[in-house]
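Working through the structure, step by step
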Amino acid sequence: MKQGIFEISANERLTECVMKMTLLGDVGAVNAPGQFINIRLDGLFLRRPISVFDLDTENGTVTIIYKIVGKGTEQMSRMHAGEKLDVLTGLGNGYDTEISGDHPVLIGGGVGVPPMYLLAKRLLAEGKSLSVVLGFNTKKEIFCEEDFKALGGKADVTVMTVDGSYGIKGFVTDAPVMKNGDYTHFYTCGPEPMLRAVWKNTVTDGQLSFEERMGCGFGACMGCSCKTITGYKRICKDGPVMRKGEILWEK
């Protein structure tokens, strides 16, 4: 973990309530896809944890995508290029790409889509071929489809919408690759009902990234603990990524 002052270089709207912000600063502590940053905002006690969408170590930028859901993210949406933020970077364990096999599937739902992008870039750089499943409720909520498609031929991208207004109608678990089981490992991030469904319907081992309200963001307060087969773990420090086999769903 590292604390630093970052300058906003861009803050743009992707959909009615989803924003994309690029920050300039010391990104040296960010070393794994699936990690997150924690942003301090004036007048608010708790920092806001946001997953990393993209990283440019050469130019010193980190890009995040966030949904406007409350006072903090609404405040962020009104910020402009040139303003500065106090940011903690390099938080969380991130995804392990060494156990992906040759053809993993990446499954993102809603605001769980962003961390899949940096993960996809890392896996492609390691020579893997990918299936990417992006899930949204409706066409108007879709973002970043073109970013994933621009990654190239080794990344096969499928968009699912619950109402069928774009792509294939259904949930992420209804995607063809999920039905035929043609993958060696899975990576996923999204709301808990989606994670439960993916956990239940996948045929291989995999890694799930959990969204949770956090107090400190680095393991000191135990406020985001969850129960696993090996005891309680902190989502912010021991996670947010966990292996399929260690998760205990409450009945």
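Residues numbered from 1 in each chain as written. Predicted model: local features only at pLDDT ≥ 70, side-chain atom pairs only at ≥ 80, totals over all residues. Heavy atoms only, no water.

Here we take up the domain arrangement of the chain. Each assigned domain of the chain is listed here: domain 1 (2–91) and domain 2 (105–209). A separation of 23 Å is found between the C-alpha centroids of domain 1 and domain 2. Taken together, the 15 residues of domain 1 in the interface contact 14 residues of domain 2. Contact between domain 1 and domain 2 buries roughly 1300 Å² in total, counting both sides, with carbon and sulfur atoms accounting for 70%. (Domains from an automatic or database assignment. Contact = heavy atoms within 4.5 Å. Buried area = accessible area lost by both parts, 1.4 Å probe.)

Turning next to the packing of aromatic side chains. A full pass over the atoms with the stated rule returns four aromatic pairs. Ring centres of Y117 and F148 lie 5.4 Å apart, and the angle between their planes is 85°; on these two criteria the pair is classed as edge-to-face. Residue Y117 is found in helix 2 (residues 114–125), and its partner F148 is found in helix 3 (residues 145–149); the two are separated by 31 residues along the sequence. Considered together, Y117 and F148 belong to a single accessibility category, that of buried residues. Seen from their ring centres, F136 and F143 are 5.4 Å apart, and the 70° between their planes marks the pair as edge-to-face. The same class applies to F136 and to F143, which are both buried. Here the aromatic residues F53, Y117 and F148 are joined through ring pairs into a cluster of three or more. (Phe/Tyr/Trp six-rings, centres within 6.5 Å; stacked < 30°, edge-to-face > 60°. Helix = DSSP H or I, 4+ residues; strand = E, 2+ residues; numbered from the N terminus. Buried < 20%, exposed > 50% of the residue type's maximum accessible area, 1.4 Å probe, protein only.)

Among the nonpolar cores identified, the biggest contains 25 residues, and L106, L134 and F148 are the most heavily contacted of them. Counting residues per element, the ones that place at least two in this core are helix 2, strand 8 (130–136), strand 9 (155–161) and strand 11 (186–189). In terms of residues, this core owes the most to one element, helix 2, which gives five residues. No fewer than three residues from each of domain 1 (2–91) and domain 2 (105–209) sit in this core. If we ignore the near neighbours within four places in the chain, the residues touching F148 are V113, M116, Y117, A120, V132, L134, A155 and V157. Among the nonpolar cores identified, the runner-up in size contains 22 residues, and I8, V52, V62 and L118 belong to it. (Core = buried A, V, L, I, M, F, W, Y, C linked by side-chain atoms within 4.5 Å.)

A few words on the pattern of salt bridges. By the definition in use, this model includes nine salt bridges. Across the salt bridge formed by K121 and D54, the nearest N and O atoms sit 2.9 Å from each other. Pair noted here: K121 is in helix 2 and D54 is in strand 4 (residues 48–56), with a separation of 67 residues, a long-range link. With relative accessibility at 30%, the residue K121 sits in the partly exposed group. In this structure D54 comes out as buried when scored by relative accessible area, which is 17%. In this structure, the salt-bridge partner of K128 is E126, at a minimum N-O distance of 3.6 Å. (Salt bridge = Lys/Arg side-chain N within 4 Å of Asp/Glu carboxyl O.)

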